[in-house]
Amino acid sequence: MSHEIGGEYHLHDFPCHDLDPWPAHCSFFATGRAALYALCRRWIETHPQARLWLPDYFCLEVVSSLCSWNIPVAFYSDDPQRAVPELSRLPISPGDMVLAVNYFGVRLGEKWGAWRESTPSVALIEDHTHDPQSLWARSSRADFAFASLRKTLPIPDGAIAWSPRELSLPEAAPGGPPIGSSLKLAAMLYKRRYLDSGETSPSLKETFLELQKRGEQILPEPNNEAISAWSLDLVRRGAPSLWRSRRERNVRSLLALAPSVDAGKPLFISWPAGHCPFNAVYVFEDEAARDRVRSRLIAAQVYTPVHWPLRDCGEASMNVSKRVLTIPVDFRCDDPQIRRIALILTSCDLIS
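None of the values given here were measured: they were computed from a predicted structure.

Each value, and the rule that gives it
Residues numbered from 1 in each chain as written. Predicted model: local features only at pLDDT ≥ 70, side-chain atom pairs only at ≥ 80, totals over all residues. Heavy atoms only, no water. Helix = DSSP H or I, 4+ residues; strand = E, 2+ residues; numbered from the N terminus. Rg over C-alpha atoms; globule rule 2.2 N^0.38 Å. Buried < 20%, exposed > 50% of the residue type's maximum accessible area, 1.4 Å probe, protein only. Contact = heavy atoms within 4.5 Å. Areas by Shrake-Rupley, 256 points an atom, 1.4 Å probe, with all protein chains shown as cover. Lys, Arg positive; Asp, Glu negative; His and termini not counted. Charge placed at Lys NZ, Arg CZ, Asp CG, Glu CD. Pairing = 2+ DSSP bridges. Axes fitted to C-alpha atoms, helices over the stretch in contact; angles between N-to-C directions.

Novice: Just to check I follow, could you spell out the overall build of the protein for this structure?
Specialist: Along the backbone of the protein there are eleven helices and 14 strands. Taken against the 2.2 N^0.38 rule, which gives 20 Å for 352 residues, the C-alpha radius of gyration of the protein at 20 Å falls within 12% of a compact globule. By principal-axis analysis of the C-alpha atoms, the protein measures approximately 55 × 45 × 35 Å. A total of 352 residues make up the protein; the buried ones form 54% of that total. Expressed as a percentage of contacts within the protein between residues at least 6 apart in sequence, the contacts between residues at least 24 apart total 73%. With an accessible surface of roughly 15,600 Å², the protein has 53% of that area assigned to carbon and sulfur atoms. For the protein, the distance from the average position of its 39 positive side-chain charges to the average position of its 41 negative side-chain charges is 1 Å.

Novice: Looking at this model, I keep getting lost on the environment of T119. Mind explaining?
Specialist: One can find T119 in the loop between α3 (110-118) and β7 (123-127). Distance from T119 to S241, taken between C-alpha atoms, is 35 Å for residues 122 residues apart in sequence.

Novice: Can you help me understand the sheet that holds strand β4 (residues 52-55) in this one?
Specialist: Adjacent strands of a sheet pair through backbone hydrogen bonds, lying either parallel or antiparallel. In space, the seven strands of this open sheet follow the order β3-β9-β8-β7-β6-β4-β5, with mixed pairing throughout. Here the strands that pair on one side only, and so sit at the sheet edges, are β3 (26-29) and β5 (73-76). Each adjacent strand pair in this sheet contributes to an overall mean axis angle of 25 degrees, direction not counted. Pairing analysis gives five bridges linking strand β6 (residues 97-101) to β7, with the strands arranged parallel. The residue of β7 that forms the bridge with A100 is E126. Across the sheet, helix α1 (residues 32-46) touches β3, β4, β6, β7, β8 (144-148) and β9 (159-162), and the angle it forms with β8 is around 160 degrees.

Take it as geometry only, folks, not as evidence of what the structure does.
In structure tokens form, the structure reads like this:
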């Protein structure tokens, strides 16, 4: 068995029972950005002058796709270190759309909901990718909401959109053969073989990494709106509650074992009831300290992403982006792996 932790999912057998269901009326898409695009397109049909206001702390790849698909975008200040942005200062116009993000699944949504009630001339869209089953997601008062399911579930593609206000939802436009998803599915198969067999052949790892890369390049293309048949079959009834509870338990365990690290501390140590953190997240004194710890983790085969590398954004968001590090402790991790990660994070050998 390989000692690797993190990275993209390998193929898993989905539980058949104890599923947390999705909203009764929802639409499935290939990617989160396809879902967001479809929601924006639906709103713009009746509000042709609308702009989409995005937090400046947001995935640049999604921003790039939206711009290439001719969605007018603007930005407001928000980042994961805030409980909520300064909503009264949002420079919106009637008919605009505003995207709210539940960063790492640990935010409450009451203030966003109250703001929407007091600002009926705009559309509030919520991004629940980091915890699609959160209390905020389930009690939302937004016009629309979406989540990229492939970030928390082992599927090659998949996202969901729904309307808490029961507005009309767009359906995914049918496209050609789901080539991007097929490549990602093949990568998941190869990665499962790689992890289960413990093979150290570089060629096997290079194979699934190349398939992942090629599939990821194709998935966001505009003709790939529809979720693949195989991913839809896995997720249509809901998300396994056991996997979500394991994720929350693993985050709690790591934060208890590593309450502080070399030149850093957790971004959060608690979260609202009914929420599950996306992963453990640490913030470091500076970019050099973050990169030093990240390099040590990668050398130990713990593959840690940054959510997200940014440029040309507000000073506060850029500051967080340069210092933040996500530690992958989702349902794939067992207790020995959590202890190994904690040891790497807290070891004095990291200090240089």
